[in-house]
Amino acid sequence: MVKLKVKSPNMLLQLFEFYQQTILDALYHKPTDQKSTLCTARIAKHDRDFYANSYLMAVDVIWKKMTASGRGKFLRLEEDVKSALVKSSSGSDKTKDSGLGARATLFGERRRVGRGKLLDELPSVCSKLSNISVGHGRGLINEPTEVSSVDGRGARSVIAQKIDVSNEETTKVSITKQSENTSNFFASLKTTQGTKGIPVKLACNYIRINSDPNKGVFVYEVRFSPNIDSTSLRRQYLNEHSTKFGGTKTFDGVTLYLPILLKDSLTTYLSKVSDGSNIEIRILFKRRETLKDCIHLYNVLFDRIMKTLNYVRFDRKQFDPTSPKVIPQQKLEVWPGYVTAVDEYQGGLLLCCDVSHRLLCQKTVYETLFEIYKSNPNTVQEMAKKALLGSVVITRYNNKTYRIDDISFDKSPLSTFTIKGSALNFFDYYKENYNIAIKDKNQPLLICIKKQRKSQSSQTEDLVLCLIPELCYLTGLRDDIRSDHKLMREIATFTRVTPNQRVESLKKFYTNIRNSPESCKILNEWGLSLIPSYEEICGRQLEEEKIYFAHNMVGVGHNADFGKHVATNELLEVFPIHNWLLIHCKNDSKVAASFCEHMQRNTRSFGLTVHPAKIVVISNDRIDTYVNALRQNITKETQIVVCICTTSRDDRYAAIKKTCCAEIPVPSQVINSRTLQNETKNRSIVQKIALQMNCKLGGSLWSIKIPFKNVMICGVDVYHDAAQKGNSVSAFVASLNQKYSRWYSKAVIQSKREEILSGLCSCLISALKEYESENRHFPDNVIVYRDGVGDGQLQVCENYEIPQLEEACRKMLNYVIKITFIVVQKRINTRYFAMNRNGFENPGPGTIVDKTITRARLYDFFLVSQAVRQGSVSPTHYIVLRDDAQYSPDIIQRLSYKLCFLYYNWPGTIRNPACCQYAHKMAYLVGQSIKRATSEDLAKKLFYL
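Residues numbered from 1 in each chain as written. Predicted model: local features only at pLDDT ≥ 70, side-chain atom pairs only at ≥ 80, totals over all residues. Heavy atoms only, no water.

Things to note about the overall build of the protein
No. 1: Within the protein, the regular secondary structure consists of 24 helices and 39 strands.
No. 2: For the protein, the residues scored as buried account for 52% of the 945 residues in total.
No. 3: The long-range fraction of contacts in the protein, counting pairs at least 24 apart against all pairs at least 6 apart in sequence, stands at 71%.
No. 4: Roughly 44,800 Å² of accessible area belongs to the protein as shown, and the carbon and sulfur atoms make up 47% of that amount. (Helix = DSSP H or I, 4+ residues; strand = E, 2+ residues; numbered from the N terminus. Buried < 20%, exposed > 50% of the residue type's maximum accessible area, 1.4 Å probe, protein only. Contact = heavy atoms within 4.5 Å. Areas by Shrake-Rupley, 256 points an atom, 1.4 Å probe, with all protein chains shown as cover.)

Digging into the environment of Lys-385
No. 1: Relative to the assigned elements, Lys-385 resides in helix H10 (residues 380-388).
No. 2: Considered as a pair, Lys-385 and Leu-369 are 16 residues apart in the sequence and their alpha carbons are 9.8 Å apart.
No. 3: The residues contacting Lys-385, other than those within four sequence positions of it, are Asp-406, Ile-407 and Phe-409.

With respect to the packing of helix H9 (residues 365-375) against H10
No. 1: Remark: H9 packs on H10, axes separated minimally by 9 Å, with the N-to-C direction vectors making an angle of 135 degrees. With respect to each other, H9 and H10 are oriented oblique. Note on packing geometry: the crossing formed by H9 with H10 is right-handed. Contacts between H9 and H10 pair Val-365, Thr-368, Leu-369, Ile-372 and Tyr-373 from the former with Val-380, Met-383, Ala-384, Ala-387 and Leu-388 from the latter. (Axes fitted to C-alpha atoms, helices over the stretch in contact; angles between N-to-C directions. Parallel < 35°, antiparallel > 145°, perpendicular 65-115°, else oblique. Left-handed = near helix turned anticlockwise from the far one by under 90°.)

Some thoughts on the sheet that holds strand E4 (residues 218-225)
Hydrogen bonds between backbone atoms are what pair the strands of a sheet, whose relative direction is either parallel or antiparallel.
No. 1: Taking strand neighbours across the sheet as the criterion, the 5 strands line up as E5-E6-E4-E8-E7 in an open arrangement whose pairing is antiparallel. Where the open sheet ends on each side, the last strands, each with one partner, are strand E5 (250-251) and strand E7 (266-272).
No. 2: With 4 bridges joining them, E4 and strand E6 (residues 255-258) adopt antiparallel strand pairing. The partner of Glu-221 across the bridge, within E6, is Thr-255. (Pairing = 2+ DSSP bridges.)

Digging into the nonpolar core
No. 1: By size, the foremost hydrophobic cluster in this structure holds 85 residues, and its most contacted members are Trp-580, Tyr-785 and Tyr-918.
No. 2: Counting contributing residues, this core receives three or more from each of domain 3 (574-697) and domain 4 (703-930).
No. 3: Tyr-298, Phe-302, Ile-513 and Phe-840 belong to the second-largest nonpolar core, a separate cluster that totals 33 residues. (Core = buried A, V, L, I, M, F, W, Y, C linked by side-chain atoms within 4.5 Å. Domains from an automatic or database assignment.)

Quick look at the packing of aromatic side chains
No. 1: Using the criterion set out here, one finds 27 aromatic pairs in the structure.
No. 2: Both rings, one in Phe-314 and one in Trp-335, keep their centres 6.2 Å apart while their planes meet at 80 degrees; by these two values the pair is edge-to-face. A residue pair is termed long-range when its members are at least 10 positions apart, and Phe-314 in strand E9 (residues 312-314) and Trp-335 in strand E12 (residues 332-345) qualify at 21 residues.
No. 3: Looking at Phe-314, the relative accessible area reads 3%, which means it is buried.
No. 4: Measuring from centroid to centroid gives 5.5 Å for Phe-417 and Tyr-429, while their planes differ by 80 degrees, and the two rings are edge-to-face. Of this pair, Phe-417 sits in strand E17 (residues 416-419) while Tyr-429 is found in helix H11 (residues 426-434), placing the two residues 12 residues apart along the sequence.
No. 5: Put simply, the rings of Tyr-397, Phe-417, Phe-426, Tyr-429, Tyr-430 and Tyr-434 pair up and form one aromatic cluster.
No. 6: It is Arg-396 that lies over the ring of Tyr-473; its NZ or CZ is 4.8 Å from the centre.
No. 7: Over the ring of Phe-427 we find Lys-441, and its NZ or CZ is 4.5 Å from the ring centre. (Phe/Tyr/Trp six-rings, centres within 6.5 Å; stacked < 30°, edge-to-face > 60°. Lys NZ or Arg CZ within 6 Å of the ring centre and 35° of its normal.)

Regarding the sheet that holds strand E29 (residues 703-704)
No. 1: Taken in spatial order, the 3 strands make up an open sheet running E24-E23-E29, and their pairing is antiparallel. Each end of this open sheet is capped by a strand with a single partner; those strands are strand E24 (553-555) and E29.
No. 2: Bridge analysis of strand E23 (residues 546-548) against E29 gives 2 bridges, and the strand direction is antiparallel. Across the sheet, residue Tyr-548 finds its bridge partner in E29, namely Ser-703.

Structural notes on the side chain of Ser-519
No. 1: Along the chain, Ser-519 falls in helix H15 (residues 517-525).
No. 2: Dropping the residues within four chain positions of it, Ser-519 is found in contact with Ile-305, Thr-308, Leu-309 and Ile-513.

A closer look at the side chain of Gln-893
No. 1: Along the chain, Gln-893 turns up in helix H23 (residues 889-899).
No. 2: Polar contacts involving the side chain of Gln-893 include one to the side chain of Arg-540, which spans 2.8 Å.
No. 3: In this structure Gln-893 touches Thr-192, Gly-194, Arg-540, Leu-542, Ile-848, Asp-850 and Phe-861, once residues within four positions along its chain are discounted. (Polar contact = N/O pair within 3.5 Å; in protein donor to acceptor, adjacent residues only side chain to side chain.)

Description of the environment of Asp-561
No. 1: Secondary-structure assignment places Asp-561 in the loop between E24 and helix H16 (563-566).
No. 2: According to the relative accessible area criterion, Asp-561 is partly exposed, its value standing at 37%.
No. 3: Excluding its chain neighbours within four sequence positions, the residues that come into contact with Asp-561 are Val-556, Pro-907 and Gly-908.
No. 4: Side-chain polar atoms of Asp-561 contact the backbone nitrogen of Gly-563, separated by 3.1 Å.

Examining the confidence of the model for the protein
No. 1: Per-residue confidence for the protein gives a mean pLDDT of 79; residues scoring 70 or more make up 78%.
No. 2: Below a pLDDT of 50 lies the segment residues 1-7, which in the model reaches 39 contacts outside its immediate sequence neighbourhood of four places, other chains included.
No. 3: Note that pLDDT drops below 50 for residues 23-51; the model gives that stretch 64 contacts with residues more than four away or on any other chain. (pLDDT = per-residue confidence, 0-100.)

As for the state of the cysteines
No. 1: For the coordinates displayed, the defined rule picks out 0 disulfides.
No. 2: With no disulfide partner, Cys-763 has as its closest neighbouring cysteine sulfur the one in Cys-761, 9.2 Å distant.
No. 3: Since its relative accessible area comes to 0%, Cys-763 is described here as buried.
No. 4: Not part of a disulfide, Cys-900 finds its nearest cysteine sulfur in Cys-916, a span of 9.0 Å. (Disulfide = S-S within 2.5 Å.)

Thoughts on the pattern of salt bridges
No. 1: Counted by the stated rule, this structure contains 35 salt bridges.
No. 2: Taking the shortest distance from any N to any O, the salt bridge between Glu-774 and Lys-940 comes out at 2.9 Å. Here Glu-774 is found in helix H21 (residues 756-775), whereas its partner Lys-940 is found in the segment after helix H24 (914-930), with 166 residues between them in sequence.
No. 3: A network of salt bridges, in which partner residues are shared, links Glu-543, Glu-545, Arg-894 and Lys-898. (Salt bridge = Lys/Arg side-chain N within 4 Å of Asp/Glu carboxyl O.)

Considerations on helix H14 (residues 499-514)
No. 1: Taking 1.5 Å per residue, 16 residues should reach 22 Å; H14 reaches 23 Å between its end C-alpha atoms and fits that length.
No. 2: Residues Pro-499, Arg-502, Val-503, Ser-505, Leu-506, Phe-509, Tyr-510 and Ile-513 constitute the buried set of H14. Viewed end-on, H14 has its buried residues packed into an arc of 160 degrees, placing them on one side of the element. (Expected span 1.5 Å × (residues − 1). Arc of directions from axis to C-beta.)

Quick word on the environment of Leu-202
No. 1: Mapped onto the elements of the fold, Leu-202 is located in strand E3 (residues 198-211).
No. 2: Taking the C-alpha atoms as reference points, Leu-202 and Ile-537, separated by 335 residues in sequence, lie 5.3 Å from one another.
No. 3: When sequence neighbours within four positions are dropped, the list of residues in contact with Leu-202 reads Glu-535, Glu-536, Ile-537, Gly-539, Tyr-832, Phe-833, Ala-834, Met-835, Pro-843, Thr-847 and Val-849.

Comments concerning the pairing of strand E39 (residues 876-883)
No. 1: Among the 8 residues that make up E39, 7 are buried, leaving the element largely enclosed by the rest of the structure.
No. 2: Here strand E34 (residues 818-825) runs beside E39; their pairing, made up of 6 bridges, is antiparallel. The residue bridging Val-824 from the neighbouring strand is Tyr-878, located in E39.

Observations regarding the packing of helix H18 (residues 623-633) against helix H19 (residues 650-663)
Relative placement of two packed helices is described by the angle separating their axes and the distance separating the axes.
No. 1: Across the interface, H18 lies against H19 with an axial gap of 9 Å and an inter-helix angle of 20 degrees. By the angle class used here, H18 and H19 are roughly parallel. Between H18 and H19 lies a crossing whose hand is right-handed. On H19, the residues touching Ile-623, Tyr-626, Val-627, Leu-630 and Arg-631 of H18 are Asp-651, Arg-652, Ala-655, Ile-656, Thr-659, Cys-660 and Glu-663.
No. 2: Here the contact of H18 with H19 is built from residues that sort into 7 nonpolar, 1 polar and 4 charged. (Nonpolar A, V, L, I, M, F, W, Y, C, P; charged D, E, K, R; others polar.)

A look at unusual backbone geometry
No. 1: Backbone torsion omega between Ser-225 and Pro-226 reads -5 degrees, so that peptide bond is classified as cis.
No. 2: Position of Pro-226 relative to the elements: it lies in the loop between E4 and helix H7 (231-239).
No. 3: The backbone phi angle of Asn-399 is positive, close to 55 degrees, even though this residue is not glycine.

With respect to H7
No. 1: For H7, the set of buried residues is Thr-231, Arg-234, Tyr-237 and Leu-238. Taken down its axis, H7 places every buried residue within 130 degrees of arc, on the same side.
No. 2: Close packing links the buried residues of H7 with E4, E5, E6, E7 and strand E8 (278-288).

So, in structure tokens, the structure goes:
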């Protein structure tokens, strides 16, 4: 007996979606993950037939019921299913099946659709099941009875083409009881979509891709006899016969991808070699790719399309060099472009297309080197490497980009290199190939090292390229540009794109493809077509949150901003400042006096008492002067140190922080004196500094209602040192109280070869001990928000990081704590907009999207948590990799939104949960400035704000 019990319509759909994917993977012997392996490992051929037919029959009933009555009307589902079973179990159920034939007789209506989408109406396939019931609870699988199975072409397009059913008779199979692991897995199935909030209609930057059901991606293995090692020769010989198999192909030297199925499973061609001998080419059919295995190929196709549109590629983005926006005063250009990505989503096959921009300098690298030489002739080599290494340049003669890895002052354009067996210098090479005459024959050369794969091997080797500085142009934002606020505002006028402008750019994108015959040809050859419109989706906006101060509660409003309430309400937990140290130069005496006055007078409104400071005046602003003043004046009674600096210097800031965070542990506040020179703004500026100082002393500013009990919430982020290319800093932040207003913070510095996870495990153990010390018991559940994980690292994170964290808890506590592990991704290209009568606008804070554009095989959702005044708001992507506590999607989504209010540096919401932002701030401070472990005395204070 097969008994399906479902708790909600969403859960029912999830169950059947799992059935569909599990059968596909079982038939192709490719389990998607460890859990589905438990289900598919014991599914024999006959069992797969049973699952295929029972799945199709049940989904047919469910789908028709949903389209007829809506999602909420499932009360009479049991009678409908039983009725369908009675009809299907009659004597007429033995229908001949032709296997591959198109004229197979089916029950109900037959319709063929493209990959990645459910059928509008699935065929009702016969099976004899004693009972299918619908009720409360999760799915359970018990022992089924003997069934009769029939398959046809309609079922074939949904399940697979490898179900082996006899052409003359039906297959009778006996299904035995499945393993306990399988039942437990089905019992754990639950919906990944929430229901709370106000429904909103949204548009997103996705374009739907339709696929021709008569075409697909067919994989062949190509063998040469006698064997040929050269990939270029393999392609040359295969291209001689390309017209015989349609001409459209993708070939990497071994594997051949075709959009059509060849007549024979083994196809043989002969090619002539220059010496008169023959080369036999054997093309062996391997398989037809499923949708999830075609994603890479589809992305390659769109790269080809962008190339036909004459776009220039920078990393994964494509830019249009024909329509630059020029900033003449600074000799800069802004190139508009797109970043595209094809993937399989819950809504089917979609193309994500977002607007992007690239900044280019109209000055050559040669001009930059000459300016460095004029300003520092004695240290030109050192200063040039410091300014240019790591930068990306573009060469206009071929519109290709390169990264500067080194500068060779020993070489010049007159240096020679070997090409096609003969020596040639760079001066003559550019003259012969590009008709470019290099002006300065004594300039150094730029070195770019690229990785290239060895022929017929997975190993890579370094390819060293030499570039001419006067032919290279710098790209991207440099430090000198970032520090020029006026220039950055001017650049932002081009790069900050409103929702209406993004939608117009999306329309322009598919219009350009539609008007390009070459682009349309590429799509048509592979059976693809674009829907010329943006994708419309449904979202939900969560209700307004409440912020709690010591004696008052306030609403955050439509923009989730409560800044006006912070200075007028008593803070949640205040630490009076009785003994504090102020260090400044003589020139900043007036600024320091003004700061002390505002600290004592304007902090009473939010309950902070500040006594007069111990003031130390130093004669100069040298680094050693500040450090000596700190060492001589900090005592055990000193609560916090404030240093007012005349200018902003990274080395001075690093020295102060290193002294106060590692050598003499005391909270510290570093202020640039220019910040305090505007008397009209000093009041609000000093109030914000005072709020930071209260947090660094261990105080709390506000809280938000999170109705959890005995749950510890953690944030993890990792900082990688780009300059040293080795060391990394792992930061771990964990909550200590039920209001989630106090945090334990720890950072671990690790070498390149040392596992990041080992540091995180030690941090988790330390956090659990501190939690137990504060609350007199360990937490029941741990929720981890992990930042800094890309799509390519999700498998490692799920299969390696999480089990190790679990094992660390088990060893310490002798029992397993329930872990919920959520990955937070901010650098994404997804954008969605609220639709109104005037076009499009940014969605409000708390807007959730958890369907259509979410991943087909992940438990994920998008959240817009903040309001922006300019440009388009960027949602944050949350991926739930593990949920032992079985929280509902509404709880996880609402929790993620609430945590965005608890970052004490901003009286509103931020893009990611506060625990992640705290971890980011700590990792950056330790990795950029301190570069050593911080004192444990500061672990319970937000000293890094």
